[in-house]
Amino acid sequence: MSPCELTLTEATDAVREGRITSRALVEAALERIAQWQPVVNAFACVQAETALAAADLADAAVRGGEALGPLHGVPLAHKDMFFRPGRRSSMGSRAAPPAGDVLSTVLARLDAAGAIELGTLNMAEFALGPTGHNAYLGDCRNPWDPDYVACGSSSGCGAAVGARLAWGSFGSDTGGSVRLPASACGVLGLKPTNGRVSLAGMMPLAPSVDVPGILGRSARDVARLLTVVAGHDPADARSSHRPTPDYEAGLGRGIAGLRIGVPQNHFFDVVAPDVSRAVSEALRTLHSLGATVVPIDVPSPEHLTELSRVLVYSEAAAVHGSWMRTHASEYSPQVRTRAATGFAIPAAAYEQAQQLRPRLLRRFVESVFAECDVLYLPTLGIPVPTLAETDVGGAAVMWDRIAVLVRCTAPFNYLGLPALSVPCGFTGNGLPTSFQVVARPFAEAVLLRVAHAFETATDWSRRVPSLPQA
Amino acid sequence: MQKIDAGTVLVLARAQGQHWIDATAAERIAAGATAAIAAMSETLRNAEAGLLTTGSAAFLDVLESLADPPQ
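The model shown is predicted, which means the values in this text are computed figures rather than measured ones.

Caption draft 1: Looking closely at the overall build of chain B. Scanning chain B for helices and strands turns up three helices and zero strands. Mapped in sequence order, the helices and strands of chain B form the string α-α-α. Counting all 71 residues of chain B, 39% fall into the buried class. Of the roughly 4100 Å² of accessible surface on chain B, a fraction of 56% belongs to carbon and sulfur atoms.

Have a look at this one:
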């Protein structure tokens, strides 16, 4: 088996035990990137020399018997919006402003854990788009079939982890931007609770809604990465002081007796038959592992996506306003139109959406999580669409197309709740599909436990796409 | 439902220095803003009567307070 097919935790163990060198991992990844990049366009920039030099240092540390971090010597790659001194982030845009000499907290914590960075990944322009189209960096494509979208906005993260070009990846999730590409590319995608992971040094889209998220090959990989980056950061006043558990520690506890709530309203109203079939079969598997399935009426879910839009577009307009005045022509039509929507949303509506947020969160948590431990629903209710089907630019239909894609994800960005997308099969077009589990605030551990239990009974997250024949 | 029209969007855009917004973009922006504001209004209609007084800064506090299930 190629080392590229190891999970992150398997690769870390192999480096630590001297069964493989970090240089061998980096070289294998670079060789695979050379094969796949022309197909999927996952990378914005490959930093081969830097990665090889870091690998040699990591190998020397192993030989020298030094203390090794939990990600020692393993190559990762992240959405091109986490800032690092000396490197200009593209933010997916021709119009990207300079970010200054800043090291993001996520990258700093990954560095401290021993991770190696292979380069930066393609993304939707300014993280404002759920498909992965990008006129500046070139469209990102799905490794399972390059005619199809990788979804977005963390499109390169989905394609890179899905094609086994990197052992894990950080993106950002403001409306589903980690969970959607994870679902489309057949890997796991975690949106942590807002405040669990620091936003410092990450490009803002809508700071009250943004959260860094993780794409990984297994529940254990995601747990390892979350444990490394989670926790309060003095540089981010919105980060929580709540203690960070070891998310790997409880993975093996199983799900016997766990109550899985299935929404009876809204979330299953617009689901394609082959998505429904895969999600239902996965639920039967979880039931067979000892979970109890309970029907749940979710309070007023129908407006949560639009309330999220009030926040996202208002904050995006505020973030981009001054830059857009002088650089509007460098933005793509869809992105500048969506960001500019905030200029037409009254300040009172924005403040109302902010003030309703804790109220609606409390009502949601107290009614839903009194009846169940996790809420169960699809991530994306339709089969992954093609690039051609979703290439609508700034046309009037964009609002409808976007609404379909984020229907099951954006509500949890408004509510700030943790949500995890888990691969659970394929639809008729041969593209992956997934289920999503959502829990009360800071209960990421239970989500990872569900995913780990599911992985012990199925092999969906172990499936790897084949390089298309030329 | 009361709609925000493209003319209003253009006036607001110019007032904020966004002179690049043309009639077509204004139509799209008007549609998006109308939908968002309508959802806001509908949610408020269904919310308990009274003044909204919870500051947005309290959101993290509420997330933390709801983290542990009641015993």
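Caption draft 2: Summary view of the sheet that holds strand S8 (residues 212-216) of chain A. Residue and element names in this part refer to chain A. Reading across the sheet, the eight strands line up as S6-S8-S7-S12-S13-S11-S9-S10 and stay open at both edges, with mixed pairing between neighbours. Strands at the two margins of the open sheet, each flanked by one partner only, are strand S6 (169-172) and strand S10 (292-296). Recorded for the sheet is a direction-independent mean angle of 30° between the axes of neighbouring strands. Here four bridges tie S6 to S8, and the two strands are oriented antiparallel to one another. Directly across from glycine 171, in S8, lies its bridge partner glycine 213.

Caption draft 3: View of the packing of aromatic side chains. Residues and elements named next belong to chain A. For the structure shown, the criterion picks out eight aromatic pairs over all chains. Where phenylalanine 364 meets phenylalanine 412, the ring centres are 6.2 Å apart and the plane angle is 75°; that geometry is what we call edge-to-face. Of the two residues, phenylalanine 364 is situated in helix H11 (residues 347-368) and phenylalanine 412 in helix H13 (residues 410-415); the sequence distance between them amounts to 48 residues. Seen from their ring centres, phenylalanine 435 and phenylalanine 454 are 5.1 Å apart, and the 85° between their planes marks the pair as edge-to-face. With phenylalanine 435 in strand S13 (residues 432-438) and phenylalanine 454 in helix H14 (residues 444-457), the pair connects residues that are 19 residues apart, well separated along the chain.

Caption draft 4: Spatial organisation of unusual backbone geometry. Residues and elements named next belong to chain A. Of note, the amide linkage connecting glycine 152 to serine 153 takes the cis form, showing an omega dihedral of 15°. Its place among the elements puts serine 153 in the loop between strand S5 (145-149) and helix H5 (155-162). Its identity is not glycine, yet methionine 91 carries a phi of approximately 55°, on the positive side. Looking at the secondary structure, you find methionine 91 in the loop between strand S2 (75-79) and helix H4 (105-112). Here methionine 91 falls in the buried class, since its relative accessible area comes to 4%. For phenylalanine 442, which is not glycine, the phi torsion reads 65° and is therefore positive. Inspection of the secondary structure puts phenylalanine 442 in the loop between S13 and H14.

Caption draft 5: Fine view of the packing of helix H9 (residues 304-327) of chain A against helix H2 (residues 23-46) of chain B. Two elements in contact, H9(A) and H2(B), have axes whose closest approach is 8 Å; the angle formed by their N-to-C orientations is 120°. Here H9(A) lies oblique to H2(B), going by the angle between them. The two elements H9(A) and H2(B) meet at a crossing, and its hand is left-handed. Contacts between H9(A) and H2(B) involve Glu306(A), Leu307(A) and Val310(A) from the former and Ala35(B), Ala36(B), Ala39(B), Met40(B) and Thr43(B) from the latter. Here the contact of H9(A) with H2(B) is composed, by residue class, of six nonpolar, one polar and one charged.

Caption draft 6: View of the interface of chain A and chain B. Counting residues at the interface gives 49 residues for chain A, matched by 40 residues for chain B. Across the interface of chain A and chain B, roughly 3900 Å² is buried in total on both sides, 67% from carbon and sulfur atoms. Among the residues chain A hides against chain B, the three largest losses belong to Phe343(A), Gln355(A) and Arg359(A). Together they make up 16% of the total. Across the salt bridge formed by Arg242(A) and Asp68(B), the nearest N and O atoms sit 2.8 Å from each other. Taken together, the connections running from chain A to chain B amount to seven residue pairs in polar contact (both at pLDDT 80 or more). Every element with two or more residues in the side of chain A that touches chain B is listed here: H9, helix H10 (333-340), H11, helix H12 (398-406) and H13 of chain A. The biggest single contributor to the side of chain A that touches chain B is H11(A), with 14 residues. Residue composition of the side of chain A that touches chain B, by class: 24 nonpolar, 15 polar and ten charged.

Caption draft 7: How the structure looks around H9(A). Residues and elements named next belong to chain A. Relative to the 34 Å expected for 24 residues at 1.5 Å per residue, H9 spans 32 Å between its end C-alpha atoms, a close match to the ideal helical length. The largest bend in H9 amounts to roughly 60° and is located at glycine 321. The buried fraction of H9 amounts to 18 of the 24 residues, a majority that puts the element mostly inside the structure.

Caption draft 8: How the structure looks around the pattern of salt bridges. Per the counting criterion, the structure on display carries 17 salt bridges over all chains. The salt bridge partner of Arg463(A) is Asp459(A), with a shortest N-O separation of 3.2 Å. Classification of Asp459(A) by relative accessible area gives partly exposed; the value is 38%. A salt bridge links Glu42(B) to Arg45(B), with the shortest nitrogen-to-oxygen separation between them at 2.9 Å. Within this pair, Glu42(B) and its partner Arg45(B) are both found in helix H2, separated by three residues, close to a single helical turn. Overall, the relative accessible area of 28% leaves Glu42(B) in the partly exposed class. Exposure remark for Arg45(B): the relative accessible area of 59% places this residue in the exposed category.

Caption draft 9: Structural context of the sheet that holds strand S1 (residues 43-46) of chain A. All names here are of chain A. The mixed open sheet is built from three strands, whose spatial order is S1-S3-S2. For this open sheet the edge positions go to S1 and S2, each flanked by a neighbour on one side alone. Going from strand to strand, the sheet's axes swing by 35° on average, the running direction of each strand aside. Sheet analysis places S2 next to strand S3 (residues 116-121), joined by four bridges and oriented parallel. Its bridge partner being in S3, histidine 78 is matched across the sheet by threonine 120.

The rules we used
- Residues numbered from 1 in each chain as written.
- Chains lettered and ligands numbered in written order.
- Predicted model: local features only at pLDDT ≥ 70, side-chain atom pairs only at ≥ 80, totals over all residues.
- Heavy atoms only, no water.
- Helix = DSSP H or I, 4+ residues; strand = E, 2+ residues; numbered from the N terminus.
- Buried < 20%, exposed > 50% of the residue type's maximum accessible area, 1.4 Å probe, protein only.
- Areas by Shrake-Rupley, 256 points an atom, 1.4 Å probe, with all protein chains shown as cover.
- Pairing = 2+ DSSP bridges.
- Axes fitted to C-alpha atoms, helices over the stretch in contact; angles between N-to-C directions.
- Phe/Tyr/Trp six-rings, centres within 6.5 Å; stacked < 30°, edge-to-face > 60°.
- Parallel < 35°, antiparallel > 145°, perpendicular 65-115°, else oblique.
- Left-handed = near helix turned anticlockwise from the far one by under 90°.
- Contact = heavy atoms within 4.5 Å.
- Nonpolar A, V, L, I, M, F, W, Y, C, P; charged D, E, K, R; others polar.
- Buried area = accessible area lost by both parts, 1.4 Å probe.
- Salt bridge = Lys/Arg side-chain N within 4 Å of Asp/Glu carboxyl O.
- Polar contact = N/O pair within 3.5 Å; in protein donor to acceptor, adjacent residues only side chain to side chain.
- Expected span 1.5 Å × (residues − 1).
- Bend = angle between axes of the 7 residues up to and from the residue.

In short, geometric facts, not functional conclusions.
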